[in-house]
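Close look at the chain arrangement
Spelled out from the first residue to the last, the chains are:
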Amino acid sequence: MSSSTVITNIAALVTNNPSLGDHSPLGLVRDAAVVVEGDRVVWTGESSKAPATDNRVDADGRAVLPGFVDSHSHLLFAGDRTEEFNARMSGRPYSAGGIRTTVAATRAASDAELEAGLTRYLAEALRQGTTTFETKSGYGLTTADESRALRVAARHTDEVTFLGAHIVAPELADDPAAYVDLVTGEMLDACAPHARWIDVFCEKGAFDGDQARAILTAGKARGLHPRIHANQLSYGPGVRLAVELDAASADHCTHLTDADVDALANSRTVATLLPGAEFSTRAQWPDARRLIDAGATVALSTDCNPGSSFTSSVPFCIALAVRDMGMTPDEAVWSATAGGAAALRREDVGRLVPGAYADLTLLDAPSHVHLAYRPGVPLVAGVWRRGVRKV
């Protein structure tokens with residue numbers, strides 16, 4: 001039998017269980033404790049009521065929250081796009097075409113180089129409190145390159161997404177229909193065994209609504225569940241397509257009609273907002289307040305990628321969401337934990353309740369509010385993943 005550990009003397013514990021503590025969505029418990037046994041949480045509550053355990057960790061009056069769930073990232077790539085970013089900050093607008101630069105570098109990289117980059121960014125994210133992450137292919141755009149990216153990713157996470165439909169491969173730029181046939185045929189056959197999800201960039205310059213529907217429907221037929229890059233750069237059919245296909249998430253959601261908002265609010269599809277992209281492209285911020293007030297479920301994620309959001313920091317995204325997207329600190333923390341879990345259709349992460357994985361982040365602060373209150377400050381003082389302290 002595995003040993004048990006209590007983390008006690010927690011000033012403020014975010015459980016995301018509204019039946020606990022202050023009965024808010026965060027289920028905030030003051031003067032709290034968490035008991036971990038093996039890789040699971042077995043008890044949460046007030047410190048004075050904690051059961052006896054084999055080991056004890058003193059949080060010393062600091063805050064503890066669930067490990068962040070980063071439900072949208074693009075970590076299988078080579079090279080960077082420093083020059084593009086520098087030019088864009090000097091006045092050139094972002095468009096989907098910049099992806100081709102990363103495609104060329106990624107195709108030229110070895111498996112070992114891709115995996116070294118992935119593990120580097122994962123370690124970087126872990127130090128900032130991320131314990132669960134999703135990542136996508138999408139920078140290979142050939143059957144061989146997409147499938148190898150997914151094989152590498154699957155060694156590090158269960159949340160692997162096939163994004164062969166990121167853009168049309170450069171060699172088929174004049175024949176997008178042929179590329180859609182490739183993605184829904186040979187490429188899907190090679191990639192489906194290594195992925196849980198299928199994604200498509202539904203946007204001008206990438207794939208239109210009909211193409212996106214064909215790709216996601218083919219993926220569903222092969223057992224992959226849809227998610228979609230939707231309504232990032234312009235109004236379009238992506239959000240409504242996501243709801244139609246019961247996609248786990250519609251990601252970006254910057255340009256929304258009232259009908260789009262209503263569709264999200266009346267569905268299981270999570271609106272995943274990615275403020276790092278707006279920060280890095282000087283684009284319009286998504287209106288989180290509008291979505292939350294309508295009753296939609298909102299997740300926050302980094303969109304870590306070399307072109308439009310080269311950050312692995314969920315705390316940074318929380319601060320942006322509070323400052324520029326109309327979210328309260330409580331809402332932003334919920335969206336970066338329980339919201340991310342909902343976007344992955346998971347109940348075993350993003351919460352600190354009995355039966356959930358023991359994924360915890362200890363802050364060098366007395367409250368989770370400091371994540372937005374002290375932007376840019378390295379507040380993560382400890383991270384446990386699956387019951388093991390990693391940081």
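Notes on the structure follow. Keep in mind that what you see is a predicted model, and the values were worked out from it rather than measured.

Below, the discussion takes up the pairing of strand 9 (residues 197–202). Among the 6 residues in strand 9, 6 count as buried, and that is most of the element. Pairing geometry for strand 8 (residues 160–165) and strand 9, over 3 bridges, is parallel. Each residue of the ladder has a partner; that of Phe162, found in strand 9, is Ile198. Regarding the hand of the β-α-β motif, the stretch spanning strand 9, helix 6 (residues 209–221) and strand 10 (residues 225–226) is right-handed. Pairing of strand 9 with strand 11 (residues 228–230), which is carried by 2 bridges, proceeds in the parallel orientation. Each bridged residue has a counterpart across the sheet, and for Phe201 the counterpart in strand 11 is His229.

This part is about the pairing of strand 4 (residues 55–66). By the bridge criterion, 7 bridges tie strand 1 (residues 4–13) to strand 4 in an arrangement that is parallel. Opposite Val6, over in strand 4, you have Arg56 as the bridge partner. One ladder, built from 3 bridges, connects strand 4 with strand 15 (residues 360–363); its direction is antiparallel. By the bridge assignment for strand 15, Val64 is matched with Leu362.

Relative to the assigned elements, Asp70 resides in strand 5 (residues 68–70). Asp70 gets classed as buried once you look at its relative accessible area, which sits at 5%. Considering only alpha carbons, one finds Asp70 and Leu362, 292 residues apart in sequence, at a separation of 17 Å. Apart from the residues within four sequence positions on either side, Asp70 is in contact with Thr130, Thr132, Phe133, Glu134, Ser301, Thr302, Asp303 and Val314. Within polar-contact distance, the side chain of Asp70 engages the side chain of Thr302 at 2.7 Å.

Okay, the side chain of Thr15 next. Along the chain, Thr15 turns up in the loop between strand 1 and strand 2 (29–37). Under the relative-accessibility criterion, Thr15 is labelled buried at 0%. Only 2.8 Å separates the side chain of Thr15 from the backbone oxygen of Gly27, close enough to count as a polar contact. For Thr15, the residues in contact, after removing those within four places along its chain, are Leu20, Leu26, Gly27, Val29, Thr44, Arg351, Leu352 and Val353.

Although it is not a glycine, Asp60 adopts a positive phi angle of roughly 55°. Note that Asp60 resides in strand 4. Phi at Arg282 takes a positive value of approximately 55°, unusual for a residue other than glycine. Within the element layout of this structure, Arg282 appears in the loop between helix 9 (275–281) and helix 10 (288–294). Note on Arg282: relative accessible area 58%, which makes it exposed.

On to helix 5 (residues 176–191). Taking 1.5 Å per residue, 16 residues should reach 22 Å; helix 5 reaches only 20 Å between its end C-alpha atoms and comes up short. Bending of helix 5 peaks at approximately 40° at the position of Val183. Looking only at helix 5, the buried set comprises Tyr179, Val180, Val183, Met187, Leu188 and Cys191.

The next point concerns the packing of aromatic side chains. Summed over all chains, the structure comprises 6 aromatic pairs. Here Phe279 and Phe316 contribute two aromatic rings whose centre-to-centre distance is 5.1 Å and whose plane-to-plane angle is 90°, an arrangement assigned as edge-to-face. Here Phe316 lies in helix 11 (residues 314–324) and Phe279 lies in helix 9, a separation of 37 residues in the sequence. You can call Phe279 partly exposed: its relative accessible area is 43%. An aromatic cluster is built from Phe77, Tyr121, Tyr139 and Phe310, whose rings are joined through pairwise contacts. One cation-aromatic arrangement involves Arg40 over Tyr357; the distance from NZ or CZ to the ring centre is 3.9 Å. The cationic tip of Arg227 hangs over the ring face of Trp197; the distance from NZ or CZ to the ring centre is 4.3 Å.

Thresholds, definitions, all that
Residues numbered from 1 in each chain as written. Predicted model: local features only at pLDDT ≥ 70, side-chain atom pairs only at ≥ 80, totals over all residues. Heavy atoms only, no water. Buried < 20%, exposed > 50% of the residue type's maximum accessible area, 1.4 Å probe, protein only. Helix = DSSP H or I, 4+ residues; strand = E, 2+ residues; numbered from the N terminus. Pairing = 2+ DSSP bridges. Right-handed = clockwise from strand over helix to strand, strands pointing away. Contact = heavy atoms within 4.5 Å. Polar contact = N/O pair within 3.5 Å; in protein donor to acceptor, adjacent residues only side chain to side chain. Expected span 1.5 Å × (residues − 1). Bend = angle between axes of the 7 residues up to and from the residue. Phe/Tyr/Trp six-rings, centres within 6.5 Å; stacked < 30°, edge-to-face > 60°. Lys NZ or Arg CZ within 6 Å of the ring centre and 35° of its normal.

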